[in-house]
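Summary of structural features
Chain by chain, the residues run as shown.
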Amino acid sequence: MPAPPIPPFPHAGELAALGTAGCWVLTALSFEAAGKRIGSLTVNLLRLPMAIALGAGAGWFLRGQALPLDASGHAWLWLSISGLVGFTFGDLCLFRAFVVIGPRLSTLMMALAPPLTVVIGWWLLGEVLSPRNLLGMTLTVFGVGWAVLERRRSGTAEHATPAATRNIGWGVLLGLGGALGQAGGLVLSKLGMGEYDPFAATQIRVLAGTAGYLVLFTLLGRWGRVVYALGERRALGHTAIGAFFGPFLGVSLSLLAIRYTATGVAASLMATTPILIIPVVVLLGKERVGPGGWLGAGLAVLGVVLLFD
């Protein structure tokens, strides 16, 4: 495997990964508000064309090209596969898992994304983490899982439906698919991006993900819901905010992160979104976080410190 490029300043990759996690906090809040009005699956489709438009504007301003037409065939192939794996397969599995087993177990399943990224990154890219990084990843993942469990205990209880109870195995598989999609999408992005511009690489991923959702909505016959959603201005506003901080800025920062650090390290830092969202929901008065939640957050922060070699 070729040597990674020299970062423009120390810990550029790690800081970009934390920036990604911060963006995903705003994305989660925005998409939650939009999803309550028009449905999460519709939000997932509409966010992508919005991200394409944002990416085109950024490409024109930064590179003088609205579309990534200068990308190599290698980049188009692997980044397109990455977009289908991450945006279409992974997100579809995750949001279906929310319905089948609820957000608590689904979020816990997503904590498997960093170790899965390490395995896939070793397999496809030959990346090997240092013992310090592995310890940091373990502490971060464990701390995030602990905080998620405590937040759900302190907040509104989730009542499992009989259907959810019967389909627990299917729901766990869906959650695993979501984690696998996120991990695989990240590693495949690094494989395809190389030295290419991260914002332009994000455009390719989003274009492929959009194509996947177009096929999916056609097969499911969901276009009526999209037409209805286009009349919901408030939901579209929330979706636009989420599109900016999610598939445009957040994903671009994630590709910048994996350019300058190992994918496993980047995935672990990106997984801190449930930790970063705790102060937000507390300040907004939406949740009360118990001592266990704060202890889990502290453990995750310790893991983050260890990930900054």
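Located above this text is the structure these notes cover.
1. Things to note about the overall build of the chain
Along the backbone of the chain there are 13 helices and 0 strands. Ordered by position from the N terminus, the helices and strands of the chain form the series α-α-α-α-α-α-α-α-α-α-α-α-α. Here the chain has a C-alpha radius of gyration of 19 Å; the compact-globule value for 309 residues is 19 Å, and the two agree. Projected onto its principal axes, the C-alpha coordinates of the chain cover approximately 50 × 50 × 35 Å.

2. Thoughts on the pattern of salt bridges
In a structure, side chains of opposite charge can pair up when their charged atoms sit close to one another. Scanning all chains against the criterion turns up 5 salt bridges. With a closest N to O distance of 2.8 Å, Arg63 and Asp70 form a salt bridge. The salt bridge partner of Lys190 is Glu127, with a shortest N-O separation of 2.7 Å. You can see Lys190 sitting in helix α7 (residues 168–193) and its partner Glu127 sitting in the loop between α4 (113–125) and α5 (131–154), a full 63 residues away along the chain. Across the pair, exposure class does not vary: Lys190 and Glu127 are buried alike.

3. Section: unusual backbone geometry
One non-glycine residue with positive phi stands out, namely His11, at about 60°. When you line up the elements, His11 lands in the segment before α1 (12–38).

4. Describing empty space enclosed by the protein
Summed over the entire model, instances satisfying the criterion amount to 2 cavities of 30 Å³ or more. Of the pockets and cavities examined, the largest cavity occupies roughly 40 Å³. Around the largest cavity, the lining residues are Ala51, Gly55, Phe199, Thr202, Gln203, Val206, Pro247, Phe248 and Ser252. At the level of secondary structure, the elements contributing two or more residues to the lining of the largest cavity comprise α2 (40–63), α8 (198–220) and α10 (233–260). In terms of residue class, the lining of the largest cavity is built from 5 nonpolar, 4 polar and no charged. Quantified by volume, the second largest cavity comes out at close to 40 Å³. Lining the second largest cavity, in full, are Ala58, Gly59, Leu62, Arg63, Asp197, Phe199, Ala200 and Gln203. Every element with two or more residues in the lining of the second largest cavity is listed here: α2 and α8. Looking at the lining of the second largest cavity, the element that brings in the most residues is α2, giving 4 residues. For the lining of the second largest cavity, the residue count by class is 4 nonpolar, 2 polar and 2 charged.

5. Topic: the nonpolar core
Counting 28 residues, the largest nonpolar core has Met193, Tyr196 and Leu269 as its most contacted members. When contributions to this core are tallied by element, the ones reaching two or more residues are α1, α3 (73–110), α5, α7, α8, α10, α11 (263–270) and α13 (291–307). For this core, the leading source of residues is α11, giving 5 residues. Once residues within four sequence positions are removed from consideration, Leu269 is found in contact with Glu14, Ala17, Leu18, Ala21, Val304, Leu307 and Phe308. Within the second largest apolar cluster, 21 residues are counted, among which are Leu45, Leu48, Val226 and Ala235.

6. Observations concerning a nonpolar patch on the surface
A cluster of nonpolar side chains, Leu112, Trp170, Leu173 and Leu176, forms an exposed patch at the surface whose accessible area comes to about 390 Å². With respect to the helices, strands and loops of the structure, Trp170 is situated in helix α7.

Calculation criteria
Residues numbered from 1 in each chain as written. Predicted model: local features only at pLDDT ≥ 70, side-chain atom pairs only at ≥ 80, totals over all residues. Heavy atoms only, no water. Helix = DSSP H or I, 4+ residues; strand = E, 2+ residues; numbered from the N terminus. Rg over C-alpha atoms; globule rule 2.2 N^0.38 Å. Salt bridge = Lys/Arg side-chain N within 4 Å of Asp/Glu carboxyl O. Buried < 20%, exposed > 50% of the residue type's maximum accessible area, 1.4 Å probe, protein only. 1 Å grid on protein atoms, 1.4 Å probe; cavity = no way out; pocket = protein on both sides within 12 Å on 5 of 7 lines; lining within 4 Å. Points joined across faces, edges and corners; volume = space filled by probe spheres on them. Nonpolar A, V, L, I, M, F, W, Y, C, P; charged D, E, K, R; others polar. Core = buried A, V, L, I, M, F, W, Y, C linked by side-chain atoms within 4.5 Å. Contact = heavy atoms within 4.5 Å. Patch = residues over 30% accessible without salt bridge, like charges linked within 9 Å, V, L, I, M, F, W, Y side chains within 5 Å. Areas by Shrake-Rupley, 256 points an atom, 1.4 Å probe, with all protein chains shown as cover.

Any functional reading would require information beyond the geometric quantities listed.
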